[in-house]
Structures are given as structure tokens and as C-alpha cells.
Amino acid sequence: MAAASDRSAASGSSTGRPRSGAEIRAAFLDFYEQRGHQRTASASLIPDDPTVLLTIAGMLPFKPVFLGQVERPAPRATSSQKCIRTNDIENVGRTARHHTFFEMLGNFSFGDYFKPEAIQWAWELSTQVFGLSPRNLVVSVFRDDDEAEAIWRDVVGVNPKRIIRMDEADNFWASGPTGPCGPCSEIYYDFKPELGDDGIDLEDDSRFIEFYNLVFMQYNRDAEGSLTPLANRSIDTGLGLERMAQILQGVANNYETDLIYPLIETAAGLAGVDYRALDTKGQTSLKVIGDHSRAITQLIGDGVTASNLGRGYILRRLLRRVVRHGRLVGIDQPFLARMGEASIALMETAYPQLQERRQVILAELAREEARFLETLERGEKLLAEVLAARPKQINGEQAFELYDTYGFPLELTEEIAEEHGITVDLAGFEAAMEQQRQRAKAAAVSLDLTLQGAIEQMAAELEATAFQGYEALEHPSCVLALVVNGEPAERAVAGDSVQLVLDTTPFYGEGGGQVGDRGLLLGGGADGAGLIVQIDGVSRNRSVFVHQGRIERGSLAIGDLVTAQVDRACRRRAQANHTATHLLQAALKQVVDPGIAQAGSLVDFDRLRFDFHCPRAVTSAELEQIEALINGWIADAHTLEVQEMDIERARAAGAVAMFGEKYAAVVRVVDVPGVSMELCGGTHVANTAEIGLFKIVAESGVAAGIRRIEAVAGPAVLAYLQEREAVVKALGDRFKAQPGEIVERVSALQEELKGVTKALAAARQELALAKSAALAGQAVAVGVARDGHPFQLLVARLDGVEGGGLQSSAQQLADHLGPGAAVVLGGLPDPSDLGKVVLVAAFGPAVIAQGQQAGRFIGGVARRCGGGGGGRPNLAQAGGRDGSALEEALAAARQELGRALEG
């Protein structure tokens, strides 16, 4: 833990400043919102930017704005952006502040204010809102940025010795080799200001922590490396929430803040150990579990599922590291779901969507843990045999056997080997991998899709799949590669789940937003039983199409000839939705803004979704106009013209390309004459009349400056209207009203309910106050305050009262008991529901002067009930999820608070 002097230095002079993670986040956003910044919600960890797998920085959602690709959502913005980074995952738990999941607080200016405002506000926020002493702060500037240094020195008043010039590697930001760029200025916290101002070395992590980075985007760099001033200079900043929490909470590292430590305590409880009593190795494992638990919960919450590719592989790797470190500290049972529950409870206030996705998150955690435990058991047994021989190094063949035969990740082999003080022959591993590639290529056998990078390996080893689906929905094909129930195989039989590659296929592979085709593979089968393979989906990597399905009858082997048959009904529906998507983009450009640009899409069999850059919501009148325009084009029966042409010629003709998409020199152009022309590899109707009808279902915002329209087309419209008609009929029957009267009837009931709810709330409030009044006589005099009067300690249980009522009761009791009041109340709002606990603390000024704070104290009580929370020094509320622990928690609170006041 930090020394007392360090904690004192961190605490500043203000007693009412933010302290908890939630308070820090709210204070930052409030500060900039009050200064004209538009508050924007955190974007998903799955970014719209196609160049990155995950959201790795707070500014990433605004990157298109900074690059001038989309219109700015507002002149100024502020956000708390969740981020994931795994490039230095080996440092997690070992250093004081490395994380995979973290939150970046940011304020942004899109051509509005610049250095003077950014610098002064950052200093005001740090010193006045967060209460940091200037004695503890050091700033860095780019070596050539005289302007920034002058502002820090002459306007803000920073001691010149505490302004450090740094080189381009540390203090110059660029979006890439060319484009917008500019110098940075950073604010560091000094944990040891007593060491003085001479010879400051900001690389000393034991003394300094960077917590706020200001990027001044003021230049454009051309291909020659020359810098020219930007016409619209911008500001991009980032303040690390976890780092500020460490500073303000006076703890030794980010892991011991209220943002992560409750998860460490949960894991320690599952292991039956005391975090504080563990050695460094044990504490590191618990830190990894705490950090990664936040990351995997957020990733699954945002729609990532575990796999061996891309984001899915990152998730799987983090999941497996949690399980591995859990075993190292003694957790001998499945526990990922428990960590998921604790993570949701810790973060759901800031990210309520986690609660909405609760069941999905917990199910994915449990499923992946069970799968990995099987792999771990087999691999660890073999690895233990290798280690028992006490080798100086695990050779490449052994590491490859673990990887290839047992599915044991290479990085896990390295991690376990490191624990035993030995290394892994990585060059030998790569050589063994290359030999396997050559054997597979020579023999044309199946490839293991369950291994890391197997899809990429398959795409590299096999010839491109010949796609015949534009011209035919049925085609003879030969099986080139086969995987059965997740394992490589030469043959598959009825009941097997399979992944297979054909030399040629009429099945469309998922891409460009369009889902893969469904259908059948038919043939005589190797045993003449009459083969039927149900194909449920087709994906692709590079130019190789991977068909997923199940053998319903017969058997299948590599080299077999089959007839690939696409489900015609599903293809027709996908075609209608895909062409309708093109019409939708054309209508948006015509009705809303010619500059509308696509940000993503989904073309399914029963629906379509179109994401686009737009700084505002599309109005109801505009949606009606768009719908009418599209249905008009459908009725006009435009015949589509599809041709391949040189990409430059296509662009010159006005064909619309998807931003971020990579195109070949020759592209496929889909043209609805006079309406739409786009570069597109998807499948489409021959004539717009085949779509039938188009209906917009919803319009919403999905990220800063990104809107989404969901719609149905073709047969799906009828199903949609029938569903709505059934709902209207049911409501009419329920309210005994005609369809046109339902809205009026519901409005009247809402007004009636509002009155009843208000009266009920008032009655509950009165009941709570009445119950609490009877508790005043239970107060116990303990210790003596500075004014000579005893403290009045009251810790009691009060069930059947919601949080607001309990807080009012605690405040009333504190007012009644006087300045020395220390009131703690806890209860179950619904006594039959042990899953919700409410706790409140109200402290008088004499108690606060004694060093006690309601927010800090009640958070500790809540953790005993599986929750957390906090608030102001005089009044705070927290919650928990384990009502069975309430009595014990209150008893501990009574004992702890009484002891503190007596002393």
C-alpha cells in the first residue's frame, strides 16, 4: 500500500472532491458538459473502423470526424469510452497500471477551441475539481512546442522546472504516415514531490504516473513528411479513469481501486485466500482475474463470441488466462460465471446494457470455461510429463504436439514454462508448424479449424473457391477439406456437425453485410446410402468458402463429388433485402443529405439493417418520404444492370464505395439505372419489382454521429404487418376499444397510473419515516466528540423500504441525533427477494471531523453483501446482491464504526 505521506499528498486540501470511480467519471463529464461539450455515450468495443479489431482509444469513435470523413456531431464533445488493449497483456497484474479493459475520459474540440482552453481546463479540473496539489503535478510538452510551454508557465503558472520537454516518440501524435498530426502535452502525478524539482525523470514509474494526455491536432503531414498548418485545429484528450482513481483513493496500484478490487475480493473468496496475505505471484494471479473479468464481460456484452479468429480469439485468450490463474490460486471449480455476475454488478450502473445481456454473458462464460477445462486437463497432463524430465527448454516438437494434438495454446505453454524457469523453442515450434503446412498442402487433406489462425492457414493452403452463385443455384462440386465436430477428419457420417470446403460452390459466402446462403449437399455418398448434408451457413476468408452444416443421411469423405443446392426461397429473400439496402442508401442521400455515407449493414433473410453517418436523427416525416420513394422505385420495375469494370472507371461513373473496404483493380458494379450505383459483390434481384414492398421498422442512434435504420422487404413485410395486426387486435380486445381508440385509452390509463404511483410513493415515504422515528431510541452513545458530547451510533435494519425512503430516514435520524450522529441503515426493499439489498449511511459533521466518511464506509459494508457503492461524506447509499449476509454486514458495521468513534 502507499505510504501515509503519499496518501496525504494525494488527498489535497478539498474534502468534498470526487473519490470513487463513479464520482470521478461523473465529475469529468459534468465539468466539460458545463463548458459546452456534448456528452456522448461510450461506443461499442466493436468499432466501426475496419482497420482495428477493437476500440483501443477514447478518440477512435471520433476518428472519422478528425479525418474530415464525416460531419462533426457538435463543435465540442465529451465521453467516457470503454477500451480494450492486449498488446502488452504480459504486463497485466505485474505492473501498477497495465490493463486490458480500461475507461478513457475525453474532451474533444472539432475545429473549435485549441491549446489555451484545453490546457487551462485540464489544470482547473485536476487542481480544483479533483483537488490535486500543484506540488504533485508535472507537465510534459513536445520539444518544439514553445506555445504550449508558455501557456503552462505564464498563464497557468506551473513552475518552469516542472515543465519537461520530450521528443517525438513520447509527445507527438499522428493518425498515420500522412494526415492530421500534432504535438502532445501530458500531466503527470508525482508521488514523491519531496525529492525536489531538479533532474525530473518522467520515465520513473515508481514516482510518476501520467494521467491526462492533451493532443493538439494542428498540422497535416504530406507524403514527403512536410508539415502544414490545418485550417481547423482540433483537440483530442484522454484521462485514464483507473489512474485517477489510484491517485485519489491513495492506493498502491490501479487494481486496488473500487473499479477492480471488488472483483479481486470475489476471486479471493472463491479461492479461500486473503489477497493481502498472498505473495507477489498469488496477488498477480488475482489481479489478472480481476482485470480480465471486466474485459471478457464487456466484450461478450458488446456481441463478441469466443472463437479462434480476430476478436473471438482475443476473448478466448482472456477467458483462458482467467481460468488458468484461477487454478494457480486454488479455485478448483468452474467460476467464470461467478466472476461475470460480480463484474456485471460492479459495472451495470455505468453500463446498464450488461444487465440486459446478463444471460448471454453468463452462458458464454460457462460454455467456454467447460470447453477449456477439457483442453487444459489433457494438455497439462502431457506438459507435466515434459516438465518432470527437468529440461532446460521445451523443444519445438513438444510445444507443437501440445498445440496441434491437444489444442493447447502456445502462449499458455510459454506461461507455464516461465513459471518453472525454462523457455520454449519458438523457432522449433515454427519449423514444426511449417512442416505441417507442407504435409497438408502435398496431401490435400483437411485442416484443423479449431486452432489459432486455422482459417488463415486454410486460406493460404487451398486454392480459391470458384463461386458460381451469380449464374446458378445448383452446381457439382468436390470436397477438398473436412472438419467433423470441431476436429479434422477424412470422413463424416450421419449426425456429425461439419465444416467443409468445396472446389466450386453456388453458395454465397457471408460478406459485404450479406449473410451466407443455406441449402443442401446431395450425392450418392461413399457408402451409396444417399447423402444429404444440411448447410446452415457459409463464411469465407480471403477467397476460400467454408460451409457449415450437419450430415442428415449417408456419409461424406474428402474427394467425394456432391451436388451443391442453394435454398432458393432464402436466396430470393436475401436478394430482395440487399437490393432494398441499395435503394435505402439512395433515398437517404436524396431526402436527408447527399453526403450520407454507409457505416455498416446487415442483409439477412428476414430483415435488413443499414448504418450511416449522420449527426442527427432522421425525422418521422423524412422516414415516411424515404419509404414512399423506395416503394415508388420498386413499383417502377427498374431492371438492374450488373457488370465488372476497372475500379477507376467505376468511380468515374459515380459508383458508391464502402468506406474502409478494400477493392480489387476490377470491381463488380450493381446499377439501378437512374437510382443507385454501388460497388458490391452481393446477390441481387433482376428487377426491383421482385422486392414487392419495403417497410421501415425502426430508426435509432448506435454511436456518436452514427444512425441505424432497420427495415423489412418482400415476404417479410407481410409477416411484419400480420404480427402488428395481431398486437392491435389483442390490445383492442383487452381495452374493449376500436383500433383508432387504443392510443387515447392507453393515455388515460397512464395518467391514472401516474397519480396512483405518486400517491403510493408518498405513502411509502411516510411509512419509512414513521418506522425510522421509532429507531431513534436505539442509538448508543460511544466515544466523545471534540465538542465534548458523545457520538450517537445507530445501526439498524429496516426492510420494506426503497432506497430513497431509506436515505430520507437516515437523514432524518441524523438530524434528530445531532452533529455526532453516525447512522447506518440496511434492508431488503422486498423482504421476499434476497437478491437486492439497500444500505445507507448518514454522518454528522462531528463524525466527519473524526475522519469518517459515509461514502467510503458504506461501500465497505456493501461489499460484504456482494455489492458496492458510495457517495458524499455526510450521506451515501450502496447496494448488494446477497440479502443473507445483511445481518452479518450490519453487525460488522456496528462493531467497526463503534471502535472508530471510541478511539
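Throughout, a residue's number is its position along its own chain's written sequence, starting from 1. The predicted origin of the model limits local features to residues at a pLDDT of at least 70 and limits the giving and counting of side-chain atom pairs to 80 or more, whereas totals for whole chains, interfaces and linings rest on all residues. Only hydrogens and water are removed before side-chain values are computed, so all heavy atoms of the structure are retained for them.

A. Representation of the overall build of the protein chain within the structure. Of regular secondary structure, the protein chain possesses 26 helices and 35 strands. Just to be clear, the radius of gyration here is over C-alpha atoms, and the globule rule we use is 2.2 Å times residues to the power 0.38. The C-alpha atoms of the protein chain give 31 Å as radius of gyration, which agrees with the globular expectation for 903 residues (29 Å, within 12%). Across its three principal axes, the protein chain shows a C-alpha extent of roughly 95 × 85 × 65 Å. Think of it in three bands: residues with accessible area under 20% of the maximum for their type are buried, residues over 50% are exposed, and the middle band is partly exposed, with areas taken using a 1.4 Å probe on protein chains only. Here the protein chain holds 903 residues, and 51% of them are scored as buried. Contact definition: two residues touch when any of their heavy atoms are within 4.5 Å. Of all intrachain contacts in the protein chain linking residues separated by at least 6 positions in sequence, the fraction that spans at least 24 positions is 67%. Accessible area for the protein chain stands at about 39600 Å²; split by element, carbon and sulfur atoms hold 49% of it. Charged residues are defined narrowly, with Lys and Arg counted positive, Asp and Glu counted negative, and His plus the chain ends left uncounted. Charge placement uses NZ in Lys and CZ in Arg. For Asp and Glu, CG and CD serve respectively. Of the charged side chains in the protein chain, 88 are positive and 119 negative; the average position of the first set lies 4 Å away from that of the second. What counts as a helix is a DSSP run of H or I of at least four residues, what counts as a strand is a run of E of at least two, and both are numbered from the N terminus. Per-residue and other accessible areas follow the Shrake-Rupley method at a 1.4 Å probe size, with only the shown protein chains counted as cover for residues.

B. Broad picture of the nonpolar core. Among buried residues, those of type Ala, Val, Leu, Ile, Met, Phe, Trp, Tyr and Cys that are joined through side-chain atoms within 4.5 Å constitute a nonpolar core. Judged by nonpolar contacts, the single largest core of 106 residues is most densely connected at Phe130, Leu132, Trp152, Phe211, Tyr212, Leu239 and Ile394. Once residues within four sequence positions are removed from consideration, isoleucine 394 is found in contact with Leu383, Val386, Leu387, Ala399, Thr413, Ala417, Ile422, Thr423, Val424 and Asp425. By size, the runner-up hydrophobic cluster in this structure holds 32 residues, among which are Leu583, Trp633, Val670 and Ile691.

C. Representation of the packing of aromatic side chains within the structure. Stacked, tilted and edge-to-face pairs are distinguished by plane angle, under 30 degrees for stacked and over 60 for edge-to-face with tilted covering the rest, among Phe, Tyr and Trp rings (Trp via its six-membered ring) whose centres lie within 6.5 Å. Inspection of the entire model under this criterion finds 20 aromatic pairs. Geometrically, the ring pair formed by phenylalanine 142 and phenylalanine 172 is tilted, given 5.2 Å between the ring centres and 55° between the ring planes. On the criterion of sequence distance, the pair formed by phenylalanine 142 in strand 4 (residues 137-142) and phenylalanine 172 in strand 6 (residues 172-174) is long-range, its members being 30 residues apart. Across this residue pair, the class does not change: phenylalanine 142 and phenylalanine 172 are buried. Ring centres of phenylalanine 467 and phenylalanine 545 lie 5.7 Å apart, and the angle between their planes is 20°; on these two criteria the pair is classed as stacked. Remark: phenylalanine 545 occurs in strand 20 (residues 544-553) and phenylalanine 467 occurs in strand 12 (residues 466-467); sequence separation between them is 78 residues. Here phenylalanine 545 falls in the buried class, since its relative accessible area comes to 5%. Taken together, Phe28, Phe31, Tyr32, Tyr113, Trp121 and Tyr212 form an aromatic cluster joined through their ring pairs. In this scheme, the term charge over a ring applies when either NZ of a lysine or CZ of an arginine sits within 6 Å of the ring centre and within 35 degrees of the ring normal. It is arginine 540 that lies over the ring of tyrosine 508; its NZ or CZ is 5.0 Å from the centre.

D. Examining the pattern of salt bridges more closely. Salt-bridge detection follows one rule: a side-chain nitrogen of Lys or Arg within 4 Å of a carboxyl oxygen of Asp or Glu. Evaluated as defined, the whole model comprises 39 salt bridges. Residue arginine 358 pairs with glutamate 341 through a salt bridge whose shortest N-O separation is 3.9 Å. With arginine 358 in helix 13 (residues 358-388) and glutamate 341 in helix 11 (residues 336-347), the pair connects residues that are 17 residues apart, well separated along the chain. In this structure, glutamate 364 and arginine 367 form a salt bridge, with 2.4 Å as the shortest nitrogen-oxygen distance. Of the two residues, glutamate 364 and arginine 367 are both situated in helix 13; the distance of three residues between them amounts to about one turn of the helix. Take glutamate 364: its relative accessible area is 6%, and that puts it in the buried class. With relative accessibility at 44%, the residue arginine 367 sits in the partly exposed group. A single network of salt bridges, built from pairs that share partners, joins Arg162, Asp190, Asp197 and Arg207.

E. Expanded view of a negative patch on the surface. Among the surface-exposed residues, Asp170, Asp201, Glu203 and Asp205 lie close enough to one another that they form a single negatively charged patch. With respect to the helices and strands, the residue aspartate 205 is situated in the loop between strand 7 (179-190) and strand 8 (208-221). Residues enter patches when their relative accessible area tops 30% and they take part in no salt bridge; the joining distance is 9 Å for like charges and 5 Å for the nonpolar side chains Val, Leu, Ile, Met, Phe, Trp and Tyr.

F. Looking closely at the pairing of strand 9 (residues 227-240). A pair of strands is labelled paired if DSSP reports no fewer than 2 bridges between them. Pairing analysis gives four bridges linking strand 3 (residues 101-109) to strand 9, with the strands arranged antiparallel. Across the sheet, the residue bridging to leucine 105 is leucine 239, located in strand 9. Across nine bridges, strand 8 lies against strand 9 in antiparallel orientation. When the sheet's bridge partners are listed, phenylalanine 216 is paired in strand 9 with isoleucine 235.

G. The arrangement of helix 9 (residues 280-301) in detail. An ideal rise of 1.5 Å per residue puts 32 Å on 22 residues; helix 9 measures up with 32 Å between its terminal C-alpha atoms. Taken across its 22 residues, helix 9 has 20 buried, putting it largely inside the fold. Expected span of a helix: the number of residues minus one, times 1.5 Å.

H. Fine view of unusual backbone geometry. The phi dihedral of alanine 637 falls on the positive side, at around 55°, and the residue is not glycine. Tracing the backbone through its elements, the reader meets alanine 637 in the loop between helix 19 (620-635) and strand 25 (641-646). On the accessibility criterion, alanine 637 (35% relative accessible area) is partly exposed. Residue lysine 736 is not a glycine yet carries a positive backbone phi of 50°. Its location among the elements puts lysine 736 in the loop between helix 21 (715-735) and helix 22 (742-773).

I. The sheet that holds strand 25, seen in detail. Strand order in this open sheet of three strands is 25-26-27, and the pairing throughout is antiparallel. Each end of this open sheet is capped by a strand with a single partner; those strands are strand 25 and strand 27 (676-679). Strand-to-strand twist of the sheet, defined as the mean angle between neighbouring strand axes without regard to direction, takes the value 25°. Geometry is summarised by axes, namely lines fitted to C-alpha atoms with helices restricted to the contacting stretch, and by angles between N-to-C directions that run from 0 to 180 degrees. Where helix 18 (residues 568-591) meets the sheet, its contacts fall on strand 26 (666-672) and strand 27, and the angle it forms with strand 27 comes to roughly 120°.

J. View of the sheet that holds strand 33 (residues 837-843). Strand order in the open sheet formed by six strands is 30-31-32-33-35-34, and the pairing between neighbours is mixed. Two strands bound the open sheet, and with one partner strand each, they are strand 30 (780-782) and strand 34 (868-871). Averaged over all pairs of adjacent strands, the angle between strand axes in this sheet comes to 15°, irrespective of strand direction. Inspection of the sheet shows strand 33 paired to strand 35 (residues 875-880) by six bridges, in the antiparallel sense. Residue pairing in the sheet places valine 840 in a bridge with glutamine 877 of strand 35. Across the sheet, helix 23 (residues 803-817) lies against strand 31 (791-797), strand 32 (821-827), strand 33 and strand 35, angled at about 155° from strand 32, the strand it touches most.

K. Layout of helix 8 (residues 261-271). Counting buried positions along helix 8 gives eight out of eleven residues, so the element sits mostly inside the fold. Those residues of helix 8 that fall on the buried side of the exposure criterion are Tyr261, Pro262, Leu263, Ile264, Ala267, Ala268, Leu270 and Ala271. Taken together, the buried residues of helix 8 touch helix 9, helix 11 and helix 25 (854-863). Of the residues trailing helix 8, glycine 272 is marked for its positive phi of about 70°.

L. Main features of the environment of glutamine 852. Along the chain, glutamine 852 falls in the loop between helix 24 (845-849) and helix 25. Of the residues examined, glutamine 852 reaches a relative accessible area of 18% and is grouped as buried. Between the C-alpha atom of glutamine 852 and that of methionine 347, which follows or precedes it by 505 residues, the distance is 26 Å. For glutamine 852, the contacting residues outside a window of four places in its chain are Phe843, Val847, Phe857, Leu897, Ala900 and Leu901.

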